[in-house]
Amino acid sequence: VKTVKIGNTGVISNTDQVVESIKLGSIEETGEHSPNVAQLHVSTVIYTFACVRQIVRDHDSDLNEGRSGGLFQKRTLVKFTEPQLIGLTGGNEAMRDKSHPKSSSLKYPLSVTMILEFLKKNRNLLKEPYTNTIEFNEEGIGKEPHTFPPLRTEQILTPIKDDSEFWEFDDRNTKNELLYAIIVNRSKKRINIVFRGSITVKDWYIDFKLSYEQTEWISRFAGKLVKVHKGFAEYLFSSTTTRDDLKSKYDMIIENLTSIRAITDENGNNIYRDYAIWTTGHSLGGALAQLLAYTLAGSDDIDDLPTPITAITYASPPVGNYKFRKSFQNYEMKGYLRHIRITAEGDIIPGFVKQTGVSVHLYQDRQAKIKYGKKINYKRRTLKAMVSRMVKNHDVDTYYERLLFESNRHILMMNFENLYEESGATDLFRKRSNRFSVFKKTFKSMKNDNGTKGCLWF
């Protein structure tokens with residue numbers, strides 16, 4: 001992986017250089033062994049694509065035809081070019097796919113190429129004032145799109161435009177509910193569930209419901225001692241107002257996955273049934289991705305899901321208690337689940353406690369550390385200094401800078417097996433498996449002659 005080198009440190013210092021590093025650190029260059037970069041791309045795009053769709057809803061003259069009064073008196077209305085490219089109109093016959101799941105809020109799949117085309121044709125009406133945000137650009141009205149430079153979001157989307165399609169983008173009530181997307185990638189045979197991080201007031205309210213509580217969805221397969229973050233569980237498993245049937249977002253995701261996996265070709269063969277299931281997200285999105293992956297691995301809500309379920313998370317806060325972590329590790333050891341958890345030095349949102357998965361901890365000026373089952377050891381610094389840089393250290397740009405730092409080149413080329421081996425998790429699982437085998441043999445040997453079990457004193 002190439003990165004932009006500044007001086008002798010190899011540190012990427014500003015947004016323009018981050019964009020350049022994104023282009024150079026593309027999936028094509030890093031190959032199949034760089035899923036951590038690919039998932040950061042989609043975890044970032046879900047923020048800005050939601051902004052774009054909302055801007056068009058608010059300012060497109062055709063979509064707001066006939067509306068007047070209230071907020072609409074103050075809005076500037078313009079005609080966006082081809083809003084069907086981002087799924088906001090019915091589209092044409094060529095776009096519609098008869099096999100597209102009816103459970104999806106999208107009327108047809110949205111390819112990354114379609115989204116890029118829309119952004120290119122409407123650059124004059126969009127601006128990116130800061131990370132993860134796109135706003136309406138009133139000053140661009142009447143100007144030619146080609147006279148504006150490419151948006152940062154275009155740079156991020158370009159490496160993943162092969163054959164990735166959004167089959168779901170549930171942004172119907174984001175002021176009160178979580179936002180998720182489902183992306184199908186045929187070349188890599190992958191179904192990706194992506195969650196957006198904290199943006200709305202409700203998102204932050206959910207973040208601060210910090211207590212760990214038992215939840216019915218988890219208890220039915222993990223037991224009552226496993227407890228999870230109250231806010232995250234509420235967001236994923238509680239009833240919503242998006243649909244009349246008040247189903248939870250988890251129910252909707254299960255419907256989406258079931259519908260996609262049931263699609264067949266002309267010969268009746270399932271097309272997507274063996275596709276790997278991945279979850280990802282940044283911050284709150286990472287926590288929800290982790291919780292969903294754990295639930296899919298442990299429950300039987302979908303038959304014959306291919307395992308392991310894979311979660312790759314960025315800046316994810318803690319999700320559950322000690323029993324949750326042990327249960328999570330048990331699923332990892334059995335091969336049902338795997339989790340790459342990427343954190344950054346100085347980002348206090350992931351917390352100071354042991355978390356699940358393989359930890360890839362990123363630094364500003366040196367190689368990342370790979371660990372398993374251990375707390376993050378932050379450098380000693382005053383609370384004031386940590387808080388002053390908290391937002392910066394938690395930002396997606398910081399994760400791009402540090403993940404693509406030149407000293408992490410070999411880490412980006414590692415596959416999941418390499419990362420688990422490097423972290424020590426594989427050895428740990430092997431030792432636990434051996435201890436369990438010894439326990440079973442001892443238990444069996446202590447049976448009485450009549451076949452009844454003897455007493456165990458340990």
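Residues numbered from 1 in each chain as written. Predicted model: local features only at pLDDT ≥ 70, side-chain atom pairs only at ≥ 80, totals over all residues. Heavy atoms only, no water.

Quick word on the overall build of the protein chain
Item 1. Secondary structure summary: the protein chain contains 17 helices and 13 strands in total.
Item 2. Within the protein chain, contacts between residues separated by at least 24 positions form 67% of all contacts whose residues are at least 6 apart in sequence.
Item 3. Entry remark: accessible area of the protein chain is about 21,400 Å², with carbon and sulfur atoms responsible for 50%. (Helix = DSSP H or I, 4+ residues; strand = E, 2+ residues; numbered from the N terminus. Contact = heavy atoms within 4.5 Å. Areas by Shrake-Rupley, 256 points an atom, 1.4 Å probe, with all protein chains shown as cover.)

Notes on a nonpolar patch on the surface
Item 1. Residues W204, F208 and L210 make up a contiguous nonpolar surface patch of roughly 380 Å² in combined accessible area.
Item 2. Inspection of the secondary structure assignment puts W204 in helix 6 (residues 201-207). (Patch = residues over 30% accessible without salt bridge, like charges linked within 9 Å, V, L, I, M, F, W, Y side chains within 5 Å. Salt bridge = Lys/Arg side-chain N within 4 Å of Asp/Glu carboxyl O.)

Looking at the confidence of the model for the protein chain
Item 1. Looking at the protein chain as a whole, the pLDDT averages 84, with 81% of positions reaching at least 70.
Item 2. Here residues 1-15 is modelled with pLDDT under 50, and outside its nearest four sequence neighbours on either side it reaches 37 contacts, counting other chains as well.
Item 3. In the model, residues 21-33 has pLDDT below 50 throughout and makes 36 contacts with residues more than four positions away in sequence or in other chains. (pLDDT = per-residue confidence, 0-100.)

Topic: the layout of surface pockets
Item 1. A volume near 770 Å³ is recorded for the largest pocket.
Item 2. Forming the boundary of the largest pocket are 28 residues, of which W204, D207, S283, I349 and H394 lie nearest the centre.
Item 3. When contributions to the lining of the largest pocket are tallied by element, the ones reaching two or more residues are helix 6 and helix 13 (390-394).
Item 4. In terms of residue count, the dominant contributor to the lining of the largest pocket is helix 13 (3 residues).
Item 5. Looking at the lining of the largest pocket residue by residue, the classes come out as 16 nonpolar, 10 polar and 2 charged.
Item 6. Empty space within the second largest pocket amounts to approximately 540 Å³.
Item 7. Forming the walls of the second largest pocket are 23 residues, and the residues nearest its centre are A50, Q54, D58, T174 and K175.
Item 8. No other element matches helix 3 (residues 35-59), which puts 7 residues into the lining of the second largest pocket.
Item 9. The class makeup of the residues in the lining of the second largest pocket is 8 nonpolar, 6 polar and 9 charged. (1 Å grid on protein atoms, 1.4 Å probe; cavity = no way out; pocket = protein on both sides within 12 Å on 5 of 7 lines; lining within 4 Å. Points joined across faces, edges and corners; volume = space filled by probe spheres on them. Nonpolar A, V, L, I, M, F, W, Y, C, P; charged D, E, K, R; others polar.)

Topic: the pairing of strand 13 (residues 369-372)
Item 1. Residue alternation in strand 13 divides its side chains into a buried set, I370 and Y372, and an unburied set, K369 and K371.
Item 2. Examined bridge by bridge, strand 12 (residues 358-362) and strand 13 share 4 bridges and lie antiparallel to one another. Residue pairing for strand 13: V360 is matched across the bridge by I370.
Item 3. Between strand 12 and strand 13, which pair antiparallel one after the other, the connecting turn spans 6 residues. (Buried < 20%, exposed > 50% of the residue type's maximum accessible area, 1.4 Å probe, protein only. Pairing = 2+ DSSP bridges.)

Here we look at the side chain of T48
Item 1. Take T48: it is sitting in helix 3.
Item 2. When its relative accessible area of 4% is taken as the criterion, T48 is described as buried.
Item 3. Discounting chain neighbours no more than four positions away, the residues touching T48 are E128, N132, T133, I134 and T153.

Points about the environment of Y180
Item 1. Within the secondary structure, Y180 is located in strand 5 (residues 180-185).
Item 2. Here Y180 falls in the buried class, since its relative accessible area comes to 0%.
Item 3. Counting along the chain gives 101 residues from Y180 to G281, while the straight-line C-alpha distance between them is 9.3 Å.
Item 4. At 2.7 Å, the side chain of Y180 forms a polar contact with the side chain of N256. (Polar contact = N/O pair within 3.5 Å; in protein donor to acceptor, adjacent residues only side chain to side chain.)

Points about the packing of aromatic side chains
Item 1. Enumeration according to the criterion identifies 22 aromatic pairs in this entry.
Item 2. An angle of 15° between the planes, with centres 5.6 Å apart, marks the rings of W217 and F237 as stacked. Of this pair, W217 sits in helix 7 (residues 216-222) while F237 sits in helix 8 (residues 230-237), and the two are 20 residues apart along the sequence.
Item 3. Residue class for F237 comes out buried when judged on its relative accessible area of 6%.
Item 4. Ring geometry for F221 against Y294: centres 5.5 Å apart, planes inclined by 50°, an arrangement best described as tilted. With F221 in helix 7 and Y294 in helix 10 (residues 284-298), the pair connects residues that are 73 residues apart, well separated along the chain.
Item 5. Through a chain of ring-to-ring contacts, three or more aromatic side chains come together here, namely F221, Y294, F324, F328, Y331 and Y336. (Phe/Tyr/Trp six-rings, centres within 6.5 Å; stacked < 30°, edge-to-face > 60°.)

Overview of the pairing of strand 12
Item 1. In terms of residue burial, strand 12 counts as a mostly covered element, since 5 of its 5 residues are buried.
Item 2. Burial along strand 12 is two-sided: the residues V358, V360 and L362 and S359 and H361 are all buried.

Here we look at helix 4 (residues 112-121)
Item 1. Where helix 4 is concerned, the buried positions are V112, M114, I115, L116, F118 and L119.
Item 2. In this structure, the buried residues of helix 4 make contact with helix 3, strand 1 (110-111), strand 2 (126-127), helix 5 (152-157) and strand 4 (164-170).

Description of the packing of helix 8 against helix 9 (residues 249-261)
Item 1. Helix 9 packs onto helix 8 with a crossing angle of 50° between their chain directions and a minimal axis gap of 5 Å. When the axes of helix 8 and helix 9 are compared, the pair comes out oblique. Facing helix 8, whose interface residues are Y235, L236 and F237, helix 9 presents K249, Y250 and I253.
Item 2. Looking at the contact of helix 8 with helix 9 residue by residue, the class counts come to 5 nonpolar, no polar and 1 charged. (Axes fitted to C-alpha atoms, helices over the stretch in contact; angles between N-to-C directions. Parallel < 35°, antiparallel > 145°, perpendicular 65-115°, else oblique.)

Quick word on helix 9
Item 1. In a regular helix each residue adds 1.5 Å, so 13 residues correspond to 18 Å; helix 9 covers 18 Å between its end C-alpha atoms and thus fits that length.
Item 2. Residues of helix 9 that are buried include every one of K249, Y250, M252, I253, I254, N256, L257, I260 and R261, and no others. (Expected span 1.5 Å × (residues − 1).)

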